[in-house]
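Observations on chain architecture
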Amino acid sequence: MDMLKTVRQALKVPEMRRKIIFTILMLVVFRIGSCIPVPGMNREALASIFTGESGLFDLFDLFSGGSFSNFTIFALSITPYVTASIIVQLLTVAFPYFERLASEGTEGRKKMAAITRYMTVGLALIQATGLTIGLFRRAVADQSAFNFIVIILILTAGTAFLMWLGEQINENGIGNGISLLIFAGIISRLPTDIRRIWAQYQDGAINILAIILFILFAILVVVGIIMIQQGTRRIPVQYAKRVVGRKMYGGQSTHIPLKVNQAGVIPVIFALSILQFPLTITYFLRADSGFTQFVSKWLSPDGNPGVWIYAVLNIILIIFFNYFYTAVTFNPVEVGQNLKSNGGFIPGIRPGRATVDYLSKTMSRLSLVGAIFLAVIATMPTLISQFTGMNIRFGGTSLLIAVGVAIDTMKQLENQMVMRNYRGFL
């Protein structure tokens, strides 16, 4: 109710209303482009490629809202930009140059953004070349070099346009543009999934009890995601008093908010990419090959006992990547040094090494809770699909991304409303 109240209040303000309308129009442009097919493709041959398990490509199709399987101009979606952003973020830990850019403030962020853009175009070009010449080669109607070049350039331009579209939303709209494009792609698949489940029910493949259980599970997942995404551990911080001349500074109390799910959905994406990679390789091999049969039985979520091995490996990889990415994004040594240099300390904890150890231990415990939650959210839809017979494509990963983006967008909307009220008051 508070969310709807915030939206109603924002729509009454002309400036905020313009931003909301601009954001919606940009998302409409995204969905229109997702329906424009790439020229020079044989649609019947294209449909035959996605008749079975698509492996890692299902993740691409998730982010693109079905554009990947339909091979539209936005088939690559924004995934090259996401990959480039993650690579640049990891480079800040490995290379001093990127670490220096990250600490240079606005100018450094501009340079890193430019590097991310160039890397996005490069990755999109490589990915478009691989898909056109590799996976989708048999679906290309005209096998001439000119036609291949045109298709590759169209796919690359589509990703570059989406990157520009996301930046326009950042500047003139509400929320994070890239996240909203992924959100729109995920939500656009919801009607198709509902229609598919209803068709399965009418055909007798699933019963009404399975549908009710799935709805209850989805509600519990959404509630759990909201609680974990909003959950923080507040570490109290006290600043020492300082006397400068006749004035006294410091002495105030504050806190360090440590998020329960510091890594977000990144561990799930990394784990899914690794687990689906063998399934993707089998798509280029014959169905009767030894490797394909082994993967289908032992490493596939549709296999037996593969579904259990897949679930266990998924849990292990999510926990590992959660700790890894949390270590990349949260540096307790830097936080401890900043506290010490500003005269701050955690009550009961000595400044310096003891503070760093305390922050590391606390973050490690929170990461375990967040990792277990992510593992349950990502694994349960696979098990439910196995035992209920429902073909659930709108799974835990989709809900996690969609709910997270919705919460973040509403926070930004509330913050802009607060800032506007302050400006009006001043």
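Structure's up top.
The structure displayed is predicted, hence computed values, not measured ones. (Residues numbered from 1 in each chain as written. Predicted model: local features only at pLDDT ≥ 70, side-chain atom pairs only at ≥ 80, totals over all residues. Heavy atoms only, no water.)

Right, let's get into the packing of aromatic side chains. A full pass over the atoms with the stated rule returns nine aromatic pairs. Centroid distance Phe30 to Phe74: 6.1 Å. Interplanar angle 15°. Geometry classified as stacked. With Phe30 in helix α2 (residues 14-33) and Phe74 in the loop between α5 (67-70) and α6 (79-94), the pair connects residues that are 44 residues apart, well separated along the chain. Here Phe30 matches Phe74 in class, with each residue buried. (Phe/Tyr/Trp six-rings, centres within 6.5 Å; stacked < 30°, edge-to-face > 60°. Helix = DSSP H or I, 4+ residues; strand = E, 2+ residues; numbered from the N terminus. Buried < 20%, exposed > 50% of the residue type's maximum accessible area, 1.4 Å probe, protein only.)

Between α6 and helix α15 (residues 306-329), the least distance of the axes is 10 Å, while the angle of their chain directions is 65°. With respect to α15, the axis of α6 lies roughly perpendicular. Both α6 and α15 take part in a crossing whose hand is left-handed. In this structure, α6 uses Gln89, Leu90 and Val93 to contact α15, whose residues at the interface are Phe324, Tyr325, Val328 and Thr329. For the contact of α6 with α15, the per-class residue count stands at five nonpolar, two polar and no charged. (Axes fitted to C-alpha atoms, helices over the stretch in contact; angles between N-to-C directions. Parallel < 35°, antiparallel > 145°, perpendicular 65-115°, else oblique. Left-handed = near helix turned anticlockwise from the far one by under 90°. Contact = heavy atoms within 4.5 Å. Nonpolar A, V, L, I, M, F, W, Y, C, P; charged D, E, K, R; others polar.)

Let us look at unusual backbone geometry. Positive phi outside glycine occurs at Phe71, with the angle close to 50°. Given the relative accessible area of 1%, Phe71 is considered buried. If you check the backbone angles, Ser77 has positive phi at about 55° while not being a glycine. Following the sequence through the fold, Ser77 ends up in the loop between α5 and α6.

This part takes up the sheet that holds strand β1 (residues 232-239). Pairing within the open sheet is antiparallel, and its three strands lie in the order β4-β1-β5. The open sheet has two free edges, formed respectively by β4 (253-259) and β5 (344-345), since each of these has just one partner strand. (Pairing = 2+ DSSP bridges.)

One way to put it is that helix α8 (residues 106-135) packs onto helix α9 (residues 145-172) with a least axis distance of 9 Å and a crossing angle of 145°. For the crossing formed where α8 meets α9, the hand is right-handed. Where α8 approaches α9, its residues Arg117, Thr120, Val121, Ala124, Leu125, Ala128, Thr129, Thr132 and Ile133 are matched on the opposing element by Phe148, Ile151, Ile152, Leu155, Thr156, Thr159, Met163 and Glu167. Among the residues making up the contact of α8 with α9, the classes are represented as 10 nonpolar, five polar and two charged.

The terminal C-alpha atoms of α8 lie 41 Å apart, and with 30 residues this matches the ideal 44 Å at 1.5 Å per residue to within 8%. Listed as buried for α8 are Gly108, Met112, Thr116, Thr120, Ala124, Ala128, Leu131, Thr132 and Leu135. (Expected span 1.5 Å × (residues − 1).)

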